[in-house]
Amino acid sequence: MNSNSSASNVSSDVRFVSVEKKFGAATALHSLDLDIERGTLFALLGPSGCGKTTTLRLIAGFEQPTKGHVYIRGKDVTGVPPYRRSFGMVFQNFALFPHLSVAENVAFGLQMRGVGKDEIGKKVAAVLDLVALGKFAERYPRQLSGGQQQRVALARAVVFEPDVLLLDEPLSALDKMLREQMQVEIRQLQRRLGMTTVFVTHDQEEALTMSDRVAVMNHGRIQQAGAPKEIYDRPRTEFVATFLGASNILQGQVRGRDGDDAVVDLAGNLVPVPGIAAADGLVRFALRPEKITLNPESNVRASVKDVIYRGAQTFLYLDMNGMALNAVLQNAGAEPVAVDAGASVGLSWDKASMIALEEPA
Ligand SMILES: Nc1ncnc2c1ncn2[C@@H]1O[C@H](COP(=O)(O)OP(=O)(O)O)[C@@H](O)[C@H]1O
Ligand SMILES: [Mg+2]
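The chain has the name Spermidine/putrescine import ATP-binding protein PotA in an unreviewed UniProt entry, where Rhizobium meliloti is given as its organism. Under the Subunit (unreviewed entry) heading, UniProt states for the chain: "The complex is composed of two ATP-binding proteins (PotA), two transmembrane proteins (PotB and PotC) and a solute-binding protein (PotD)." Entered under Sequence similarities (unreviewed entry) in the UniProt record, the comment concerning the chain runs "Belongs to the ABC transporter superfamily. Spermidine/putrescine importer (TC 3.A.1.11.1) family."

Draft legend 1. Structural detail: the side chain of Thr314. Within the fold, Thr314 resides in strand β17 (residues 313-320). With a relative accessible area of 2%, Thr314 lands in the buried category. A polar atom in the side chain of Thr314 sits 3.1 Å from the side chain of Asn331.

Draft legend 2. Spotlight on the nonpolar core. Val106, Val124 and Leu128 are the most contacted members of the largest nonpolar core, which has 36 residues in total. Counting only elements with at least two residues in this core, the list comes to α2 (102-112), α3 (117-130), α4 (146-158), β7 (164-168) and α5 (176-193). For this core, the leading source of residues is α4, giving 6 residues. The residues contacting Val106, other than those within four sequence positions of it, are Val124, Val127, Leu128, Val152, Ala155, Arg156 and Val159. Ranked by size, the runner-up nonpolar core spans 28 residues in total, among them Val264, Ala267, Val283 and Ala302.

Draft legend 3. The arrangement of the pattern of salt bridges in detail. The full count for this structure, using the stated rule, is 17 salt bridges. Salt-bridge contacts for Lys67 lead to Glu20; the nearest nitrogen and oxygen are separated by 3.9 Å. Here Glu20 lies in strand β1 (residues 12-23) and Lys67 lies in strand β4 (residues 67-72), a separation of 47 residues in the sequence. Here the residues in one salt-bridge network are Asp13, Arg38, Arg73 and Asp163, joined through shared partners.

Draft legend 4. Molecular detail of the packing of α4 against α5. Here α4 crosses α5 at 25°, and the two axes come no closer than 11 Å. What the angle tells us is that α4 and α5 run roughly parallel. Regarding α4 and α5, the two cross each other, and that crossing is right-handed. Across the interface between the two elements, Gly146, Gly147, Gln150, Arg151, Leu154 and Val158 of α4 pack against Leu178, Gln181, Met182, Glu185, Ile186, Leu189 and Leu193 of α5.

Draft legend 5. Molecular detail of the packing of α2 against α3. The contact between α2 and α3 brings their axes to 10 Å, and the two run at 125°. Relative to α3, α2 is oriented oblique. In the crossing of α2 with α3, the sense of the turn from one axis to the other is right-handed. Between α2 and α3, the contacting residues are Val102, Ala103, Val106, Ala107, Leu110 and Gln111 on the first element and Ile120, Lys123, Val124, Val127 and Leu128 on the second. Broken down by class, the residue content of the contact of α2 with α3 amounts to 9 nonpolar, 1 polar and 1 charged.

Draft legend 6. Representation of the packing of aromatic side chains. A complete count under the given rule lists 3 aromatic pairs for this structure. Between Phe239 and Phe243, the ring centres sit 5.4 Å apart and the planes meet at 15°, which makes this aromatic pair stacked. Taken together, the residues Phe239 and Phe243, both in helix α8 (residues 238-243) and 4 residues apart, mark about one turn of the helix. With a relative accessible area of 19%, Phe239 lands in the buried category. Looking at Lys21, its charged tip hangs above the ring of Phe23, at a distance of 5.3 Å from the centre. Directly above the ring of Phe315 sits Arg310, whose terminal nitrogen or CZ lies 4.6 Å from the centroid.

Draft legend 7. Geometry of the sheet that holds strand β15 (residues 293-294). Taken in spatial order, the 5 strands of this open sheet run β15-β19-β16-β17-β18, and their pairing is antiparallel. Edge positions in the sheet fall to β15 and β18 (323-330), since each of these pairs with one other strand and no more. In this structure, strand β16 (residues 301-309) lies alongside strand β19 (residues 344-348), joined through 3 bridges in antiparallel fashion. Within β19, the residue paired with Ser303 across the bridge is Ser344.

Draft legend 8. The arrangement of α2 in detail. By the burial criterion, the buried members of α2 are Val102, Ala103, Asn105, Val106, Ala107, Gly109 and Leu110. The inward-facing, buried residues of α2 abut α3 and α4. Remark: Gly114 follows α2 within two positions and exhibits a positive phi of approximately 75°.

Draft legend 9. A look at α5. The end-to-end C-alpha distance of α5 is 26 Å, a good match for the 26 Å that 18 residues give at a rise of 1.5 Å each. Along α5, the positions that sit buried rather than exposed are Met182, Gln183, Ile186, Arg187, Leu189 and Gln190. Buried residues of α5, seen end-on, are gathered within an arc of 165° and therefore sit on one face of the element. Opposite its buried face, α5 presents the exposed residues Met177, Arg191 and Arg192, each directed more than 90 degrees away. Looking at the buried residues of α5, the elements they touch are β3 (41-45), α3, α4, β7, β8 (196-201) and α6 (204-210).

Draft legend 10. Local environment of the domain arrangement of the chain. Looking at the assigned domains, one finds that the chain contains domain 1 (5-235) and domain 2 (246-356). The interface is formed by 5 residues belonging to domain 1 together with 5 residues belonging to domain 2. Both faces combined, the contact of domain 1 with domain 2 buries some 480 Å², and carbon together with sulfur accounts for 38% of it. Inspection of the region where domain 1 meets domain 2 yields 0 salt bridges. Along the contact surface separating domain 1 from domain 2 lie 3 residue pairs in polar contact (both at pLDDT 80 or more). The class makeup of the residues in the side of domain 1 that touches domain 2 is 3 nonpolar, no polar and 2 charged.

What counts and how
- Here the residue index of a chain counts from 1 through its sequence in written order.
- Key to labels: chains lettered from A, ligands numbered from 1, both in the order written.
- In view of the model being predicted, local features appear only for residues whose pLDDT reaches at least 70, and side-chain atom pairs are presented and counted only at 80 or more, with totals across whole chains, interfaces and linings using the full set of residues.
- No hydrogens and no water enter the side-chain calculation; it runs on all heavy atoms of the structure.
- UniProt positions are given in the numbering used here, feature names are shortened, and annotations may be inferred rather than shown by experiment.
- The helix count covers DSSP runs of H or I at least four residues long, the strand count covers runs of E at least two residues long, and both are numbered beginning at the N terminus.
- Burial here depends on accessible area, computed with a 1.4 Å probe over protein chains only, as a share of the maximum for the residue type. Under 20% is buried, over 50% is exposed, and the range in between is partly exposed.
- N or O atoms closer than or at 3.5 Å make up a polar contact, with two conditions inside protein: a donor-capable atom paired with an acceptor-capable one, and, for residues adjacent in sequence, both atoms drawn from side chains.
- Among the buried residues, those of types Ala, Val, Leu, Ile, Met, Phe, Trp, Tyr and Cys that are joined through side-chain atoms within 4.5 Å form a nonpolar core.
- We call two residues contacting when some pair of their heavy atoms lies within 4.5 Å.
- For salt bridges, the criterion is a side-chain nitrogen of Lys or Arg within 4 Å of an Asp or Glu carboxyl oxygen.
- Only C-alpha atoms enter the line fits that serve as axes; for helices the fit covers just the stretch in contact. Angles between N-to-C directions range over 0 to 180 degrees.
- Should an angle lie under 35 degrees it is considered roughly parallel, over 145 roughly antiparallel, and from 65 to 115 roughly perpendicular; all remaining angles are considered oblique.
- By definition, turning the near helix anticlockwise from the far helix through less than a right angle yields a left-handed crossing, and turning it clockwise yields a right-handed one.
- Just so you know the grouping, Ala, Val, Leu, Ile, Met, Phe, Trp, Tyr, Cys and Pro go in nonpolar, Asp, Glu, Lys and Arg go in charged, and all remaining residues, Gly too, go in polar.
- Stacked, tilted and edge-to-face are the three classes assigned to paired rings of Phe, Tyr and Trp, where Trp is represented by its six-membered ring and a pair needs centres within 6.5 Å; plane angles under 30 degrees give stacked, over 60 edge-to-face, the rest tilted.
- In our convention, an over-ring charge means Lys NZ or Arg CZ found within 6 Å of a ring centre and within 35 degrees of that ring's normal.
- Only strands joined by at least two bridges in the DSSP assignment are considered to pair.
- One less than the residue count of a helix, multiplied by 1.5 Å, gives the span that helix is expected to have.
- It is the directions from the helix axis to the C-beta atoms that the arc portrays.
- Segmentation into domains, and thus their bounds, comes from an automatic or database assignment.
- Here the buried area means the combined drop in accessible surface, using a 1.4 Å probe, for two parts upon being joined, counting both sides.

This is the structure in structure tokens:
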């Protein structure tokens with residue numbers, strides 16, 4: 001039994017407690033807390049250099065924390081080297097052994113672990129079926145497409161049933177169509193195996209498509225973690241609101257109260273905003289472009305600066321008394337939305353779509 005009570009959560013497969021990682025004087029991670037439940041697909045999402053790979057390497061044991069503790073399956077593994085941890089890993093450049101067949105590539109890790117020949121045969125066949133490559137067992141990597149090679153890399157990472165599967169931007173070398181297909185395939189594979197998976201990406205759509213939970217990182221900190229829908233619908237900071245999807249970040253002056261709502265002066269329009277306790281002062285909030293609709297009856301007016309037709313949607317660039325605002329309208333009707341640059345339009349939105357923002361930590 002581990003005496004540290006913070007590790008006693010048995011349903012948590014990966015846990016960081018106040019993990020700090022410095023490289024020389026530079027701090028890559030600031031006191032990171034992380035809790036990844038067993039069986040979930042957890043995405044680490046953030047811009048280049050925010051500390052995603054470092055987090056993954058700390059789980060694998062390729063890096064050790066400067067401070068704090070890493071737990072896997074409730075066991076403190078801080079200081080434990082990679083070969084004593086149980087993880088499978090796929091990188092962006094998932095180098096397969098070119099001189100080994102698909103089956104041999106997948107068998108390699110099992111041979112290293114001293115698994116018997118018969119069992120290796122069975123496991124390799126089973127996992128290749130799982131990734132729909134049963135018929136390709138005798139081929140060599142150069143005889144496979146990029147997507148097939150990627151599936152071999154996945155098969156190789158999961159064949160020995162590791163505690164955790166670590167994926168570091170595994171799809172970023174693939175073209176868009178293949179990447180979207182592989183996102184769904186990895187998701188399905190992960191569901192079937194029920195394997196705790198930590199997935200690193202800088203692509204917000206990929207994170208939304210694939211994961212059960214997302215942690216949005218910036219400058220070595222997790223700004224917000226939660227279900228994709230929660231992060232998208234209730235971002236707490238400007239960074240999260242703009243990194244995950246597009247947002248209008250608006251600032252207004254609180255003029256008073258209307259029941260539970262603050263009444264905010266937004267570029268000369270008085271609008272109700274829920275979730276703000278203050279009766280005065282400046283407030284900042286996010287409003288997603290797709291939450292804005294055109295309403296000729298509305299007193300909230302804006303002039304149309306630009307109209308961009310994008311097929312399924314039409315993007316409007318608006319000016320509301322000097323405040324820039326973007327709207328995205330769905331082209332749900334038989335004809336696309338008819339608005340011209342220079343027009344004056346009325347705008348509406350559900351007040352619950354206005355999300356008050358905190359300043360980042
Ligand atoms: N081995 C290292 N030595 C020095 N600095 C490093 C090392 N690895 C990462 N860093 C720094 O730590 C920060 C986070 O890097 P990384 O985890 O690779 O970010 P990401 O994967 O999100 O792009 C960056 O500023 C990077 O330059
Ligand atoms: Mg990285």
